[in-house]
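Observations on the model geometry
Listed here are the chains, written in short residue letters.
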Amino acid sequence: MCNLQNISDIYDWANEETIKEFFLKKLGIVKIPSRAQFYNILGKAEPKKFREVFIDWMKEILGSNIGRRTISIDGKGIRATEKMLNYENAPHIASAIIAESKLVIRALPC
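We now turn to the structure provided with this report. Not measured: the values here are computed from a predicted model.

This part is about the pattern of salt bridges. Using the criterion set out here, one finds three salt bridges in the structure. For Lys20, the salt bridge goes to Glu17, with nearest N and O atoms at 4.0 Å. Here the residue Lys20 and the residue Glu17 both occupy positions in helix H2 (residues 17-27), the gap between them amounting to three residues, near one helical turn. Residue Glu17 is classed as exposed on the basis of its relative accessible area of 52%. Salt-bridge contacts for Glu52 lead to Lys49; the nearest nitrogen and oxygen are separated by 3.9 Å. With Glu52 and Lys49 both in helix H4 (residues 47-62) and three residues apart, this pair spans about one turn of that helix.

Cut-offs applied
Residues numbered from 1 in each chain as written. Predicted model: local features only at pLDDT ≥ 70, side-chain atom pairs only at ≥ 80, totals over all residues. Heavy atoms only, no water. Salt bridge = Lys/Arg side-chain N within 4 Å of Asp/Glu carboxyl O. Helix = DSSP H or I, 4+ residues; strand = E, 2+ residues; numbered from the N terminus. Buried < 20%, exposed > 50% of the residue type's maximum accessible area, 1.4 Å probe, protein only.

Here it is as structure tokens:
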């Protein structure tokens, strides 16, 4: 997520007016979760389930031509995860770029 290094950075980004407007208009999200809620949400994600849902979603978006596209995937662990010691896996941010479709996808968590 463009140099966002920790939960506080993600929280601050999500609370920028343009981002809040986007969330409201496109996703119907009225209120941004608190920093503590971000920790709770990211800590509950199941990586295997996320992968399954993500693949199904991409198949739906890209249709039958998925085999003919180049998908660049990048992922990073979220810093300051030492505060999340009771979680089995530290959360990560993933992004995928499909150049032929001009599609950029960022996902939290993975």
